[in-house]
Amino acid sequence: MSNNNMNLNLKIWRQPKKSAPGKMVDYKVSDISPDMSFLEMLDVLNIQLVEKGEDPVVFDHDCREGICGMCSLMINGQAHGPEDRTTTCQLHMRKFRDGDTIVVEPWRAKAFPVLKDLMVDRTAFDEIISAGGFISVNTGNAPDANAIPISKENADLSMDAAACIGCGACVASCKNASAMLFVSAKVSQFSLLPQGKVESSERAVNMVNKMDELGFGNCTNEAECEASCPKGISISNIARMNREYTVGSITGK
Amino acid sequence: MSEKKLDSKIPEGPIQEKWDNHKFSTKLINPANKRKYKILVVGTGLAGSSAAATLSELGYKVEAFCIQDSPRRAHSIAAQGGINAAKNYTNDGDSIWRLFYDTVKGGDYRAREANVYRLAQVSANIIDQCAAQGVPFARDYGGYLANRSFGGAQVSRTFYARGQTGQQLLLGAYSSLQKEVSKGKIKVHTRCELVDVVTVDGRARGIITRDIVSGEFQKHAADAVLLCTGGYGNVYYLSTNAMASNASAAWRAYKKGAYFANPCFTQIHPTCIPVHGDHQSKLTLMSESLRNDGRVWVPKNKDDTRKPQDIPEDERDYYLERIYPSFGNLVPRDVASRNAKAQVDLGKGVGETGVAVYLDFKDAIERDGKDAIEARYGNLFEMYQRITDDDPYVVPMRIYPAVHYTMGGLWVDYNLMTTVPGLFALGEANFSDHGANRLGASALMQGLADGYFVIPYTIGGFFAENTPDGLDENHPAFEEALNESKSIFEKLLSVNGTTPVDHFHRELGKIMWEYVGMGRDQEGLKKAIEEIPQLRKKFWSDVKIPGEGNQINVELEKAARVADFLELGELMARDALDRNESCGGHFREESQTPENEALRNDEDYCHVSAWEFKGVDNSPEKHKEELNFEYVKLSQRSYK
């Protein structure tokens, strides 16, 4: 370990369970290597706590390579922390300095209740997907994959939207806790492809209605979602979704 | 050792006709009757999601289970490079036969021919299905699908969605799953972990789960159980697997009578970011697709401490290109990994630790331009830079092999059924298709083949013989299994020792990497077989788990998984010791050619070793499934 190692002060949200009140608790960690990831730093804290017989800090995480969308921390008021287009698990401690105080909180949104400490319940996202985030094709129905050419431009734009990892940073950083970026990414991915075009408007209407029903807020065009998105999903997807939604609302489809 | 014959149920007839004949001769369940059968699908990765969705479309009642907060997060999502399919869109000579041949050869002749052929046959349907679901595969300017090359093949048959192919395929399967959820036909249990398989008269009739949030144990009865729970690479502690990836479902099934096949067949992936510190929690893969354009090299001289850019061309050894001129940097994974280790063992390793080799894009950037390379691998380069703080456009990547995939798994017959009737295993959880080494871009293919196109047919054959009989959770076997599971968790909490779970996991990982890693020998394996039970004993007397079981308790979850790894590790070492030959990823130092290639012993080991549980502290019993190679002639693998 190099002598660039850091001592840090942490302020972490602790909440024993969904129904109990929570509070910020201060911790110290020392000798943190700049090459560690943020979650590895929390691992160090948790080992300390376990050794003392205390309850470790609970946080969601899994792949630790920025793709599963499980990690979800509000770090110093920023979703996924200070580095652009980076999930918490890919954030490294070299972004911090010796002596820093770091505030760590869960996603805060009505539709994402806290389960324990930093872990929240995001099943609302699954509910939105089941309201229409799919193409109605059964296994075995498919024609040859090359039967429908798709322009490279549209395929690329569709892929840009499909890169969403469903982490919820967009909701957490929006003052209205709106899920517009998440929903629009899925609506766009499909509406840009001929095979998804068939159900496009209906899909937008159903998904948006579900989003409203689940307690997510409305969009007021402040673009904080785009700024905090670890995958760089563009808000132009929201415009595309609004078009589909409008068509769907007018035609009743 | 008993050597009972295992019935693989390979259909009769020429290999090209086996699957078609089998589909025709398998009995069907009429649509009205399908809804009377209930299927539990455990795990929602590619195999689980695709199986759950497809079975539900057919009309069966399906419940799916996953440990994550959403089925979309299973670790299939992290697969980067691509998925193989014998489409021959590139007109470069691919065919079902060639994909079949490459896979059997790539697996070093330790896979079942009939399964591999079927896999190659359905590969093309997978691409069609995924494209129809809206998976945004890469396309060329004419609007048609693009392909790239992967290791162990001389054709371009790999379909991809940037460096996120696994993510896109999983989201496709997940959207199909959610489509069925929206119709009320599938119930998904999230944050819910299998803790036991329930058997009645030797047949799987359900599972016991633990709700990760409430700590509650639950009984679920069904007509069939599908384990789609992935591999066991995390037995090594450091691997490219996700943190929660575990072997527990497969292991509990093993303890209930399912045989575990070829547990020592593990894949060490050649291109991962090297280990850097003691607190490291996982290793990150850099896709094999990078070997399309990156050149692997080390300095020609030992202990060369110059920066890579200061080492002139004639003092570099592009060892893969030198040793394997026809496949070059695209040799299969086991070969690439072993050669990297050999260079490091010669003292030619690079970087701070000396345990790495270079993967260099300089020539590709000069040839195609930085933009082209960025378009191909941009997200991977970004990830590399974030983790290492080095810019791979300027300095070569440092890479080293890491545990990535396990070819071994639950033994299954041609119908994907384990030795416990009614219990099936799909995807990485089974052992079937990759032999002793899996080719790149074939895991996604196999997971989806099993789920979309194999199990929907073969399960019907089982149901035709096993009609619903009204058995439910009130059967005493459920209460018994539930109490047994509860007692394991209570026992873990009651140890109340001094050492955190991670410590034991890390220690186990060290033993596994040292003795059951890239090179294995008799002495080391015997040592592992001695040390693992000692560590297990220490675990059960000294593990410390704070908190209670009736709430979210991450340490308790981890402890239950590590307890299983501490048993599985021993079985892997036993299997590796028993298999006194080298094949694919299983390299016994004692068995190599004069050129240090894996030397098989077909006389004695041309079989699947399937192990039967006989008690934690007793030796397991080995059963053999002889492998017959009628279509691909057994020969020494060569990539020169």
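Residues numbered from 1 in each chain as written. Chains lettered and ligands numbered in written order. Predicted model: local features only at pLDDT ≥ 70, side-chain atom pairs only at ≥ 80, totals over all residues. Heavy atoms only, no water.

### Some thoughts on the interface of chain B and chain A
Selection criterion: Should any heavy atoms of two residues lie within 4.5 Å, those residues are counted as being in contact. Buried surface area refers to the total accessible area, computed with a probe of radius 1.4 Å, that the two partners give up upon joining, counted for both partners together. One speaks of a salt bridge when a side-chain nitrogen belonging to Lys or Arg is within 4 Å of a carboxyl oxygen belonging to Asp or Glu. Pairs of N or O atoms are called polar contacts if they sit within 3.5 Å, as long as, within protein, a hydrogen donor faces a hydrogen acceptor (for residues adjacent in sequence, only side-chain-to-side-chain pairs). Runs of E in the DSSP output that reach at least two residues are strands. Runs of H or I that reach at least four are helices, and both are numbered from the N terminus.
Across the contact, 78 residues belong to chain B and 76 residues belong to chain A. Of all residues in chain B, R73, R139 and R386 of chain B bury the most surface against chain A, accounting for 12% of the area lost on that side. At the junction of chain B with chain A, the criterion picks out 7 salt bridges. Between K87 of chain B and D144 of chain A there is a salt bridge, and its shortest N-O distance comes to 3.0 Å. Between the two partners, chain B and chain A, sit 43 residue pairs in polar contact (both at pLDDT 80 or more). Contributions of two or more residues to the side of chain B that touches chain A are made by α3 (46-58), α5 (113-132), α6 (165-182), α11 (370-388), α12 (443-465) and α16 (554-578) of chain B.

### Some points on the packing of aromatic side chains
So the rule is basically this: The aromatic pairing rule takes the rings of Phe, Tyr and Trp, using the six-membered ring of Trp, and pairs them if the centres are within 6.5 Å, calling planes under 30 degrees apart stacked, those over 60 edge-to-face and the rest tilted. Buried, partly exposed and exposed residues are distinguished by accessible area as a fraction of the type maximum, computed with a 1.4 Å probe on protein chains only: under 20%, between the cut-offs, and over 50%, respectively. Cation placement over rings: the criterion is NZ of Lys or CZ of Arg within 6 Å of the ring centroid and within 35° of the ring normal.
Per the counting criterion, the structure on display carries 36 aromatic pairs over all chains. Each ring, one from F137 of chain B and one from F159 of chain B, has its centre 6.3 Å from the other, and the planes form 65°; the classification is edge-to-face. Here F159 of chain B lies in strand β4 (residues 158-159) and F137 of chain B lies in the loop between α5 and β4, a separation of 22 residues in the sequence. Accessibility assignment for this pair places F137 of chain B and F159 of chain B in one class, buried. Both rings, one in W411 of chain B and one in F431 of chain B, keep their centres 6.5 Å apart while their planes meet at 15°; by these two values the pair is stacked. A residue pair is termed long-range when its members are at least 10 positions apart, and W411 of chain B in the loop between β16 (409-410) and β17 (423-425) and F431 of chain B in the loop between β17 and α12 qualify at 20 residues. Residue W411 of chain B shares its accessibility class with F431 of chain B, and that shared class is buried. Linked through ring pairs, Y37, Y60, F424, F462 and F463 of chain B together constitute an aromatic cluster. A cation over a ring is seen here: K152 of chain A above Y141 of chain B, with NZ or CZ 5.4 Å from the ring centre. Positioned above the aromatic ring of W19 of chain B, the side-chain terminus of R118 of chain B is 4.8 Å from the ring centre.

### A few points about the domain arrangement of chain A
Residue and element names in this part refer to chain A. Worth spelling out the cut-off: Either an automatic procedure or a domain database provided the assignment from which the domain bounds are taken.
For chain A, the assigned domains read domain 1 (6-116) and domain 2 (122-251). One C-alpha centre belongs to domain 1, the other to domain 2; they are set 29 Å apart. Listed by partner, the interface residues are 20 residues for domain 1 and 20 residues for domain 2. Buried area between domain 1 and domain 2, both sides added, is near 1,400 Å², and the carbon and sulfur share of it is 62%. The largest per-residue losses of area from domain 1 upon contact with domain 2 belong to R85, A111 and F112, which jointly make up 36% of the total buried on that side. Between the two partners, domain 1 and domain 2, sit 1 salt bridge. R122 is the salt-bridge partner of D60, the closest N and O atoms lying 3.5 Å from each other.

### What about the sheet that holds strand β13 (residues 316-317) of chain B?
All names here are of chain B. We count it as follows: Pairing between two strands is assigned when DSSP locates at least 2 bridges connecting them.
Judged by pairing direction, the sheet is antiparallel, and its 5 strands sit side by side in the order β11-β15-β14-β12-β13 without closing on themselves. Among the strands making up the open sheet, the edge pair consists of β11 (266-272) and β13. Of the pairings in the sheet, the one linking strand β12 (residues 295-299) to strand β14 (residues 357-360) comprises 3 bridges and is antiparallel in character. If you follow V296 over to β14, its bridge partner there is L359.

### As for the sheet that holds strand β8 (residues 217-221) of chain B
Residues and elements named next belong to chain B. The condition that has to hold: Axis geometry follows a simple rule: fit a line to the C-alpha atoms, using only the stretch in contact for helices, then measure angles between N-to-C directions, giving values from 0 to 180 degrees.
Reading across the sheet, the 3 strands line up as β6-β7-β8 and stay open at both edges, with antiparallel pairing between neighbours. The two strands at the open ends of the sheet, each matched to only one other strand, are β6 (192-200) and β8. Sheet twist, expressed as the average angle between the axes of neighbouring strands with direction ignored, equals 25°. Across 5 bridges, the pairing between strand β7 (residues 203-211) and β8 is antiparallel. Residue pairing for β8: I207 is matched across the bridge by H220.

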